Amino acid sequence: MNLREQHRDVAAYALGVLGPADAFRFEEHLSECVLCAVQLSDFTPIASALSDLSGPGRPEQPPAPRLLERLLHEVALRRRNSSRRRLRLVAAAAALIVALPAVAVGLAGDRTAGGKGGPDERIAATDSATGVHGAVDLRSADWGTSVALRMARLPGPRTCVLVVVGKDGKEHTVTTWSVPDRGYGIPGSSEAADPLDVEVGTALRREEIGGFEVRTVRGEHLVSLAR
């Protein structure tokens, strides 16, 4: 079923004459189509009136194609007579649907930056020997420090660990993760162009942190992030 047919199935769906498979496909389309949702609300009273006309004991027959065309025409006339307000609503709903991905991206970017209002501190470095790039955005919290980690130029496969080093020299494991074969943030790669973003935390206060180390679980050094 193509998109044009799905748009035209509003009347048939409202009258209950779609088969189970087509009705299911139309419901999937309806969940994402503001225009069809508005049209369906306009068809509801017409479908109800036709149901009343059938009356008890009268055999139910699917409407002919010309009847569906007439229903579409009648709804179009009704919509034109009171279109201004409805079009404003449709435009607002459509704008909201379009804006949602942008909002989601903005929120994701905000999290990567260490939360609302941006990070209190950012540390970034690229290791000259391994070529691995790492960055942490730090934000002070009542319970310690929120850490937004970003890794790039990180080939796989391997298992990595993020270690926070206190100013007293003590080390504390913050998190571990697995790197797939394709890696993360690999320049020129179509499959692994995106970096790895992880949100974690440490009980150390920001003023107690001396830096971070990214290593493999085998102890191989990848990149140091010193303050």
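What counts, and where the lines are drawn
Residues numbered from 1 in each chain as written. Predicted model: local features only at pLDDT ≥ 70, side-chain atom pairs only at ≥ 80, totals over all residues. Heavy atoms only, no water. Helix = DSSP H or I, 4+ residues; strand = E, 2+ residues; numbered from the N terminus. Buried < 20%, exposed > 50% of the residue type's maximum accessible area, 1.4 Å probe, protein only. Contact = heavy atoms within 4.5 Å. Areas by Shrake-Rupley, 256 points an atom, 1.4 Å probe, with all protein chains shown as cover. Core = buried A, V, L, I, M, F, W, Y, C linked by side-chain atoms within 4.5 Å. Pairing = 2+ DSSP bridges. Axes fitted to C-alpha atoms, helices over the stretch in contact; angles between N-to-C directions. pLDDT = per-residue confidence, 0-100. Salt bridge = Lys/Arg side-chain N within 4 Å of Asp/Glu carboxyl O. Polar contact = N/O pair within 3.5 Å; in protein donor to acceptor, adjacent residues only side chain to side chain.

(A) Region of interest: the overall build of the chain. Along the chain, the regular secondary structure elements total 6 helices and 8 strands. Listing every helix and strand of the chain by position from the N terminus yields α-α-α-α-α-α-β-β-β-β-β-β-β-β. Burial statistics for the chain: of 227 residues in total, 32% are counted as buried. Considering only residue pairs separated by 6 or more positions, the chain has 55% of its internal contacts joining residues 24 or more positions apart. Entry remark: accessible area of the chain is about 14,000 Å², with carbon and sulfur atoms responsible for 53%.

(B) Seen up close, the nonpolar core. Formed by 25 residues in total, the largest nonpolar core has its most connected members in V136, M151, L154, L162, W177 and F212. Mapped by element, the contributors of at least two residues to this core are strand 2 (133-141), strand 3 (144-152), strand 4 (158-166), strand 5 (171-179), strand 6 (196-202), strand 7 (209-216) and strand 8 (221-226). Sequence-distant contacts of F212, defined by excluding residues within four places in its chain, comprise V136, L138, V147, L162, V163, V164, V223, S224 and L225. If you look at the next biggest cluster of nonpolar residues, it comprises 5 residues, including A12, L18, A23 and F26.

(C) Up close: the sheet that holds strand 5. Taken together, 4 strands build an open sheet; the order of strands is 5-4-7-8 and the sheet is antiparallel. At either margin of the open sheet sits one strand with a lone partner, and together these are strand 5 and strand 8. Going across the sheet, the axis of each strand differs from the next one's by a mean of 15°, ignoring polarity. Sheet topology note: the strand 4/strand 5 ladder contains 8 bridges and is antiparallel. Counted as the bridge partner of R158 is V179 from strand 5.

(D) Structural view of the confidence of the model for the chain. Per-residue confidence for the chain gives a mean pLDDT of 74; residues scoring 70 or more make up 57%. Taken as a whole, residues 82-87 scores under 50 in pLDDT and shows 4 contacts with residues more than four places along the chain or in a different chain. This model gives residues 89-115 a pLDDT under 50, and the stretch forms 24 contacts once residues within four places in sequence are excluded.

(E) Local environment of the pattern of salt bridges. Throughout the structure, instances matching the rule amount to 5 salt bridges. Between E121 and R227 there is a salt bridge, with the nearest N and O atoms lying 2.8 Å from each other. With E121 in strand 1 (residues 121-126) and R227 in the segment after strand 8, this residue pair connects regions lying 106 residues apart in the sequence. Given the relative accessible area of 42%, R227 is considered partly exposed. Residues D137 and R122 are paired through a salt bridge, measuring 2.6 Å at the closest nitrogen-oxygen approach. Of this pair, D137 sits in strand 2 while R122 is found in strand 1, placing the two residues 15 residues apart along the sequence. On the basis of relative accessible area, R122 is assigned to the exposed category, the value being 54%. Among the ionic contacts, a cluster of salt bridges with common partners joins E121, R206 and R227.

(F) Looking closely at the side chain of T202. For T202, the location among the structural elements is in strand 6. Take T202: its relative accessible area is 8%, and that puts it in the buried class. At 3.2 Å, the side chain of T202 forms a polar contact with the backbone nitrogen of L204.

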